[in-house]
Amino acid sequence: MRRVRVIDSHTGGEPTRLVVEGGPDLGPGTALERRERFRESHDRFRAGVVNEPRGFDAMVGAVLCPPNGDEAVAQVIFFNNVGYLGMCVHGMIGVAETLRRRGMLELGGHRFETPAGLVGVEIHDDRTVSVANVLSYRTQKDIQVEVPGLGTVTGDVAWGGNWFFLVDDHGQDLANPDLLHLTDVTADIRAALTAAGVVGADGSEVDHIELFAAAPGEGADSRNFVLCPGREYDRSPCGTGTSAKMACLAADGKLAPGQVWRQEGIVGSVFEGTIEAVDGGVMPTVRGRAWITAENSLLFHDDDPFAEGIPL
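In this report, we go over the structure that sits alongside the text. Model, not experiment: these values are computed from the prediction.

## What to know about helix 1 (residues 31-41)
Every buried residue of helix 1 is listed here: Ala31, Arg34, Arg35 and Phe38. End-on view of helix 1: buried residues confined to an arc of 105 degrees, all on one side of the axis. The elements touched by buried residues of helix 1 are helix 2 (43-50), strand 3 (60-65), strand 4 (74-79), strand 5 (84-85) and strand 6 (108-114).

## Description of the pattern of salt bridges
Summed over all chains, the structure comprises 19 salt bridges. Asp304 is the salt-bridge partner of Arg54, the closest N and O atoms lying 2.9 Å from each other. Here Asp304 lies in the segment after strand 17 (281-300) and Arg54 lies in the loop between helix 2 and strand 3, a separation of 250 residues in the sequence. For Arg54, a relative accessible area of 15% translates into the label buried. Here Asp126 makes a salt bridge to Arg287, at a shortest N to O gap of 3.4 Å. Pair noted here: Asp126 is in the loop between strand 7 (117-123) and strand 8 (128-132) and Arg287 is in strand 17, with a separation of 161 residues, a long-range link.

## Thoughts on the environment of Pro28
Checked against the element boundaries, Pro28 lands in the loop between strand 2 (14-21) and helix 1. Taking C-alpha positions, Pro28 is 9.0 Å from Cys65, a pair spaced 37 residues apart along the chain. For Pro28, the residues in contact, after removing those within four places along its chain, are Arg34 and Arg37.

Cut-off values and rules
Residues numbered from 1 in each chain as written. Predicted model: local features only at pLDDT ≥ 70, side-chain atom pairs only at ≥ 80, totals over all residues. Heavy atoms only, no water. Buried < 20%, exposed > 50% of the residue type's maximum accessible area, 1.4 Å probe, protein only. Helix = DSSP H or I, 4+ residues; strand = E, 2+ residues; numbered from the N terminus. Arc of directions from axis to C-beta. Contact = heavy atoms within 4.5 Å. Salt bridge = Lys/Arg side-chain N within 4 Å of Asp/Glu carboxyl O.

So far we have only geometry, and geometry alone does not tell us how the molecule works.
So, in structure tokens, the structure goes:
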């Protein structure tokens, strides 16, 4: 029997599961190199930790690795029910709160290396966490794709640590959401993007779909619905999606450096974001709060037919 210790948290409703003991040995290297080693040699561990029967489709996992030099306190690799992420802001907030609770991080600033690059983390005395995310930018504006059942859908392609297709004019109700319907709609949009050959700047799949609408109440600038890889929606406002949104707003002259953008997620939680203008895009900072929900030991029995998770 294998025992894996984890600490679970949620950030704005979106879960993060940090492996604190029993994770795979990913060897030396950068976070990107270690992520690829994870993918190639330990993918069964990923599936067993976040998929049913120990997890569920919305669960995002994280493992810590030693830093590759003195620029960061640690490396973080994020994964979900179908694969691996470049960066995860809600997950980084959850990791920071977990490490703070364990006495491993103090209030103030820290840096972490992710497969998408170095990010800054500021732990505030009110227990909120600000994440200075990676360079974010828009690569394509007003791209049109034909979606069966919807017709022509127009959106922007942008990077915020993951690749997003951002849509404002979609005809969907985000104030009184039918979550299954929104999942189907955004999955159809993603399939249409793939069929049309719409990709990110590096040829990567645009695997996050983000719908926007006016926030139903006061206290936020907009509400979103975000479909993540693995056909699951983000319960939080999605930090990398908020970064991509702010990059688009800045490119259109609608968001100034230092101006606060309050992004509400589909369950009503809110992230606050600001940007710094730089060559090639913006450097976004996203602020939110996480809560610890469980401290567990996951047990993997040798004769368990679902030790590697239930296949999707």
